[in-house]
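Each chain, letter by letter, is given below.
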Amino acid sequence: MSGRQLLFFDLDDTLLDHRGAEEEAQRETFARFASLFLGVSFEAWLSAYREVNGGLWLAYGRGEVDRETLHRRRFTDPLANLGLDASRGGEMGAFYLERYRDAWRLNEGAEEALAQASGLGTVGVLSNGFRDLQRAKLERFDLGRWVEHVVLSEEVGSMKPAREIFDAAVRTSLGPGGSNGTGVRKVYVGDSFETDVVGARRAGWLPVFYNPRRERLAFPALFVTRLADLGPILS
Ligand SMILES: [Mg+2]
C-alpha cells in the first residue's frame, strides 16, 4: 500500500451537512419545548446554543469536560444565559440528539467525490466528534463502500488540529511495517480553516479547504467551493 496516496476527508460539514441537520433538529426541539422559550426567537436560541456548544467543544478538546457534561451543558447553559428555565435541559438534549440523527444528509457531490477518490488512492475519514455518532453517520450512508480507514478523535485521544491525529491516520493507513508517510502524498479535505487546513498543513499533509460559503482565507491555501471540483486535486 505504501506509495499510494492518502485521500482523507473531514465528516461534519464536509461530507455531511452537519449545520443543516443541527438547525433542523434545533427547530424541532424549539417547537417541542415551545412553552419554555416564551419571548425568545428561534434565531436567538440557535445562536446562543451555537456559541455555548462551540466553547464546550473547545473545553472538551482540552479534556476539561466529559461528553455527558457537554451534552447537558450545551442546553442548560444557553437556557440559563437567556434567563429561561434550565431544569429540563437534559431532556431537551436527549430529544435533540434523536432529531439530529434523523436530519442527517450528505452534502451534494460527497458520494461522487469519495467514489472518485477511491479510484485514485486510499480513502479515509478523519473526524473530531463522538464515536457513536460518527460511526452511525458512516453506516447510515454506507460510506464503507469507499472509505477504508476511519480515524476518530475519541479513539485516538487527540483532536484536530493536533498533529497526533493526522499521524495516527498515517500509521493506520500504512500499517506498522509501512513508512512514516514521508514521500507519500497525503491530502486532507475539510471545511474548517483553523482546524482542518492549519492542522493538516502542520502535520505535513496537503490541505484542501472546502469553502462553500466563500470565506476569506487567513493565508493562501487550495480550496474548492463544490465537492464536485475536487477531481483535479485528488488525481
Ligand atoms: Mg467539519
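Predicted, not measured: the structure shown is a model, and the values here were computed from it. (Residues numbered from 1 in each chain as written. Predicted model: local features only at pLDDT ≥ 70, side-chain atom pairs only at ≥ 80, totals over all residues.)

Trainee: Which parts of the structure should I look at to understand the pairing of strand β3 (residues 149–152)?
Mentor: When a strand is regular, its side chains alternate between the sheet's two faces. Relative to β3, strand β2 (residues 122–127) is paired through four bridges, and the arrangement is parallel. Among the inter-strand pairings, Ser127 is bridged to a residue of β3, identified as Leu152. A crossover links β2 with its parallel partner β3, the connecting element being helix α6 (residues 131–140), and its sense is right-handed. (Pairing = 2+ DSSP bridges. Helix = DSSP H or I, 4+ residues; strand = E, 2+ residues; numbered from the N terminus. Right-handed = clockwise from strand over helix to strand, strands pointing away.)

Trainee: Help me understand the pairing of strand β4 (residues 186–190) in this model?
Mentor: Of all the five residues making up β4, five are buried; the element is thus mostly covered by neighbouring parts of the structure. Burial along β4 is two-sided: Lys186, Tyr188 and Gly190 facing one way and Val187 and Val189 facing the other are all buried. (Buried ≥ 20, exposed ≤ 12 C-beta atoms within 10 Å, placed from the backbone.)

Trainee: Could you clarify how one ought to interpret the environment of Phe37 in this entry?
Mentor: The topology assignment puts Phe37 in the loop between α1 (18–32) and α2 (42–61). Owing to 18 C-beta atoms within 10 Å, Phe37 belongs among the partly exposed residues under this scheme. C-alpha separation for the pair Phe37 and Leu84, spaced 47 residues apart in sequence, amounts to 7.0 Å.

Trainee: Where do I start with the sheet that holds strand β5 (residues 206–210) in this structure?
Mentor: Sheet strands line up and pair through hydrogen bonds in the backbone, either parallel or antiparallel. Pairing is parallel in the open sheet, where six strands are placed in the order β3-β2-β1-β4-β5-β6. Each edge of the open sheet is held by one strand with a lone partner, namely β3 and β6 (222–224). When strand polarity is set aside, the average angle formed by the axes of neighbouring strands in this sheet is 25 degrees. Each of β4 and β5 touches helix α9 (residues 193–202); the most contacted strand, β5, lies at about 165 degrees to it. (Axes fitted to C-alpha atoms, helices over the stretch in contact; angles between N-to-C directions. Contact = placed C-beta atoms within 7 Å.)

Trainee: Looking at this structure, I do not really get α2. What am I missing?
Mentor: Note on helix geometry: an α-helix contains 3.6 residues per turn, so any two residues three or four positions apart are oriented the same way. Compared with the 28 Å implied by 1.5 Å per residue over 20 residues, the 28 Å span of α2 between its first and last C-alpha is a close match. Three or more residues of α2 are buried, namely Trp45, Tyr49 and Val52. Looking down the long axis of α2, one finds its buried residues gathered within 80 degrees of arc, a one-sided arrangement. Residues of α2 that are exposed and angled more than 90 degrees away from the buried face: Glu43, Ser47, Gly54 and Leu58. Those residues of α2 hidden inside the fold are in contact with α1 and α3 (67–81). Gly63 lies just past α2 and shows a positive phi near 80 degrees. (Expected span 1.5 Å × (residues − 1). Arc of directions from axis to C-beta.)

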